[in-house]
Every structure is written in structure tokens, then in C-alpha cells.
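Tertiary structure, described
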Amino acid sequence: MNTPIPAPRPTSSRVRRAATVLGLITCVAGLAGGATAAGAASGTATAKAAAGRSAALHDQLRAVFAASDEAKLKRNPILALVRGDLRYADQFGDYISDAYLDAERRAAEQDLAALKRIDRAALGAVDQISYDVFRYTRDLDRRGYAPSLLAATKVRPIDHFSGLQTEMPQLSSGESLAPFGNVADYDNNLKRLDGYVKYMDAAIGRMREGLASGVTQPKLVVRNMIEQFDNLLAEGVEGSTFYKPVLKFPEAVPAAERERLAVAYARFIRERLALYYD
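Residues numbered from 1 in each chain as written. Predicted model: local features only at pLDDT ≥ 70, side-chain atom pairs only at ≥ 80, totals over all residues. Heavy atoms only, no water.

**Here we look at the side chain of Ser-173**
Within the secondary structure layout, Ser-173 lies in the loop between helix H6 (164–171) and helix H7 (183–213). Of the polar contacts made by the side chain of Ser-173, one reaches the backbone oxygen of Gln-170; its length is 2.7 Å. Apart from the residues lying within four places of it in its own chain, the contact partners of Ser-173 are Thr-241, Lys-244, Pro-245 and Lys-248. (Helix = DSSP H or I, 4+ residues; strand = E, 2+ residues; numbered from the N terminus. Polar contact = N/O pair within 3.5 Å; in protein donor to acceptor, adjacent residues only side chain to side chain. Contact = heavy atoms within 4.5 Å.)

**Structural notes on helix H4 (residues 125–144)**
Compared with an ideal rise of 1.5 Å per residue, which puts 20 residues at 28 Å, H4 spans 29 Å between its outermost C-alpha atoms and is within 8% of the ideal. Asp-127, Gln-128, Tyr-131, Phe-134 and Arg-138 are the residues of H4 that are buried. When H4 is viewed along its axis, its buried side chains cluster within an angular range of 130° and face the same direction. Structural note: H4 exposes Ala-125, Val-126, Ile-129 and Tyr-136 on the side pointing more than 90 degrees away from its buried face. (Expected span 1.5 Å × (residues − 1). Buried < 20%, exposed > 50% of the residue type's maximum accessible area, 1.4 Å probe, protein only. Arc of directions from axis to C-beta.)

**Quick word on the nonpolar core**
Counting 43 residues, the largest nonpolar core has Tyr-196 and Tyr-199 as its most contacted members. Looking at this core, the elements with two or more residues in it are helix H2 (77–82), helix H3 (98–116), H6, H7, helix H8 (219–233) and helix H9 (255–277). Those residues within four positions of Tyr-199 in sequence are excluded, and the remaining contacts are Phe-92, Asp-94, Tyr-95, Ile-96, Pro-157, Ile-158, Gly-163 and Leu-164. Grouped together as the second largest cluster of nonpolar side chains are 11 residues, Leu-61, Phe-65, Ala-114 and Tyr-131 included. (Core = buried A, V, L, I, M, F, W, Y, C linked by side-chain atoms within 4.5 Å.)

**Regarding the packing of H3 against H4**
Between H3 and H4, the least distance of the axes is 9 Å, while the angle of their chain directions is 150°. Overall, the two elements H3 and H4 adopt an arrangement that is roughly antiparallel. For the element pair H3 and H4, the recorded crossing hand is left-handed. Contacts between H3 and H4 involve Glu-104, Ala-107, Ala-108, Glu-109, Asp-111, Leu-112, Leu-115 and Lys-116 from the first element and Tyr-131, Phe-134, Arg-135, Arg-138, Asp-139, Asp-141 and Arg-142 from the second. Residues of the contact of H3 with H4, tallied by class, amount to 6 nonpolar, no polar and 9 charged. (Axes fitted to C-alpha atoms, helices over the stretch in contact; angles between N-to-C directions. Parallel < 35°, antiparallel > 145°, perpendicular 65-115°, else oblique. Left-handed = near helix turned anticlockwise from the far one by under 90°. Nonpolar A, V, L, I, M, F, W, Y, C, P; charged D, E, K, R; others polar.)

**Remarks on the packing of H6 against H7**
Following both chains from N to C, one finds H6 and H7 inclined at 160°, their axes separated by 11 Å at the closest point. Between H6 and H7, the angle falls in the class roughly antiparallel. Considering how the two elements wind past one another, H6 and H7 form a crossing that is left-handed. Note on element contacts: H7 touches H6 through Arg-192, Leu-193, Tyr-196, Tyr-199 and Met-200, opposite Leu-164, Gln-165 and Met-168.

**Some remarks on the environment of Phe-180**
Tracing the sequence through the fold places Phe-180 in the loop between H6 and H7. Distance from Phe-180 to Val-246, taken between C-alpha atoms, is 9.5 Å for residues 66 residues apart in sequence. The contact partners of Phe-180, leaving out residues within four places of it in the chain, are Leu-171, Ser-172, Gly-174, Asp-185, Tyr-186, Asn-189, Arg-192, Pro-245, Pro-250 and Tyr-265.

**Describing the confidence of the model for the protein**
Chain-level pLDDT for the protein is 87 on average; 81% of the residues reach the 70-or-more range. Low pLDDT, under 50, characterises residues 1–38; the stretch is placed with 3 contacts to residues that sit more than four places away or in other chains. (pLDDT = per-residue confidence, 0-100.)

**A few points about the environment of Ile-118**
Mapped onto the elements of the fold, Ile-118 is located in the loop between H3 and H4. The spacing of Ile-118 and Val-64 is 54 residues in sequence and 9.7 Å in space, taken between C-alpha atoms. Every residue in contact with Ile-118, bar those within four places of it in the chain, is listed here: Leu-57, Gln-60, Leu-61, Val-64, Leu-123 and Tyr-131.

**Comments concerning the side chain of His-160**
Summarising the element assignment, His-160 is placed in the loop between helix H5 (147–153) and H6. With residues up to four places along the chain from it excluded, the contact list for His-160 reads Thr-166, Val-221, Asn-224, Met-225 and Gln-228.

**Concerning the pattern of salt bridges**
Applying the stated criterion across every chain, the model contains 21 salt bridges. Measuring nitrogen to oxygen at the nearest pair gives 2.8 Å for the salt bridge that ties Arg-83 to Asp-69. With Arg-83 in the loop between H2 and H3 and Asp-69 in helix H1 (residues 12–75), the pair connects residues that are 14 residues apart, well separated along the chain. Connected through salt bridges with shared partners, the residues Asp-98, Lys-154, Arg-206 and Glu-209 form a single ionic network. (Salt bridge = Lys/Arg side-chain N within 4 Å of Asp/Glu carboxyl O.)

**What about the packing of aromatic side chains?**
As enumerated under the stated definition, the model contains 10 aromatic pairs in all. Note on Phe-92 and Tyr-199: the rings are 5.7 Å apart at their centroids and 55° apart in plane angle, and the pair reads as tilted. Within this pair, whereas Phe-92 is found in the loop between H2 and H3, its partner Tyr-199 is found in helix H7, the two being separated by 107 residues in sequence. Each member of the pair, Phe-92 as well as Tyr-199, carries the same accessibility label: buried. Both rings, one in Tyr-196 and one in Phe-242, keep their centres 6.4 Å apart while their planes meet at 25°; by these two values the pair is stacked. Taken together, the residues Tyr-196 in helix H7 and Phe-242 in the loop between H8 and H9 connect sequence positions 46 residues apart. Each member of the pair Tyr-196 and Phe-242 is classed as buried. (Phe/Tyr/Trp six-rings, centres within 6.5 Å; stacked < 30°, edge-to-face > 60°.)

Right, dumping it as C-alpha cells:
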């Protein structure tokens, strides 16, 4: 009967080799786990960085919008007044001179340049829409001030549908958006009306330029405008739309000031407004 040969016992070298293999396996596993964790951490960091950049660009985009709007209100104080911003309530604005038209064109160009400095691709989806709309609008504005277009538009500043002559009577009536709650409001309106008659004088000058260049409104439009002006003249002084605020002074306007303002409004209608409407 053969005696079983016992299995060889592991020698110290075999033990060392096994330990080494086990150590390598553990090391590789550790490296793999570390790489996964590092990758996850890196991905999180990248996402955070992208989100942070998007937020910064969002703020930059909003700053461009805000700066553009603020500058526009300063150049167009009647727009500010209609929006309830009274910082420029004592001003009428220009709207018609070459300097004003050049300023509007430059403003559009500057807005587009500021927008171009923002990486649209890094913005969020909603901000990209805002970016595109603003770019389209301001580019349209810029093109509207091209010399070839201005030659046909600046010499026809008003018509029976549009122009500040269609807005100022209502705005100055005390029944619209302009406030008439105190003495300052009444004085501010007189200052705006002073700018308004200057605007009408400039509009006459522009239309004369159109006569010289052969670009005028159709006869029907001109007849309609004349009828509008005649209707305002027919109101007289105390029946004038422009006189309405002094017929209903608020309590905040003292009696002495009421007399002064009534005289000032009547003089404006009789001596200045009629000059351009007659």
C-alpha cells in the first residue's frame, strides 16, 4: 500500500510571492478606485466652474442691458417720464437733430460691441434668448440710422399717426402719465413744453429740407396734420388741452402759485404754442 505524499508546504519564497501579488492587486484596485473618485471630483469641479462662469456671464449680460437702458432714458427723457422715472421730468429732449441721430447710432454700436464681448455659448438657455433678442433689436436700430435711410426719414419727422405732436397734448393734460401733484410738477411741464415748441420748430426745418430734396409726406398726411393742429387752436386758451392742469390744482399747490402758473400756462398757449400750430 502506497503512502500518500503530503502536499508541499509553502516555502517562505512562495509566501513572499503571494504577498507581493496580493499587494499589487490591492494597489491596482486602490489606484482604480482613486482614479474613479478623482474623475468624479474633477467632473464636479468642472461643472461648478461652468456654472460659476455662466452666472458671471449672466450678470455681465444684465449689466449690458441695464447700461443700455439707462443711457437710453437719459437721451430720451419723455420715455423715462412715460415709464414713471421722474429724474428727467424737467426735460423734453432732442429727438430730431443730427447730433441726436448720431448719438442714437453710436449707442446701438456700443451696445453691440459690449454684447460681442460676452461668450454666448457659455450662457444659459434663457440668457441666450435674451442675448439674441437684444442683438437683433439693437442691430435693427443701428441700421435704421444709416445715411441712406435717414435721408428719407429725418425730413419727415411727424405725421398724423406718430410724432410727439400727437403725444404732448395728452401728456400735458393732467389726465395722463405725467404727474401734476405739486408745484414742481407744474413747472416741469412748462419746461417740457418749452422743449416741445423747439422740437416743432426743428420739425419745420426738417420738412423744409425735405422740400428741397424732394422727400415729403403725401398731401393726405399733411392735410390730416393741419386739421389736427387746427382743432387744437380752436380750443382757445382756457379750453385748451394744455390748460387743463390749471383748472384742477391739487391741494399741494398754494394759492399764490396757482395764480402764477395759470398766467404762465395761458401765456405759453397764446404766445408760443399758437405760433407753431397756426
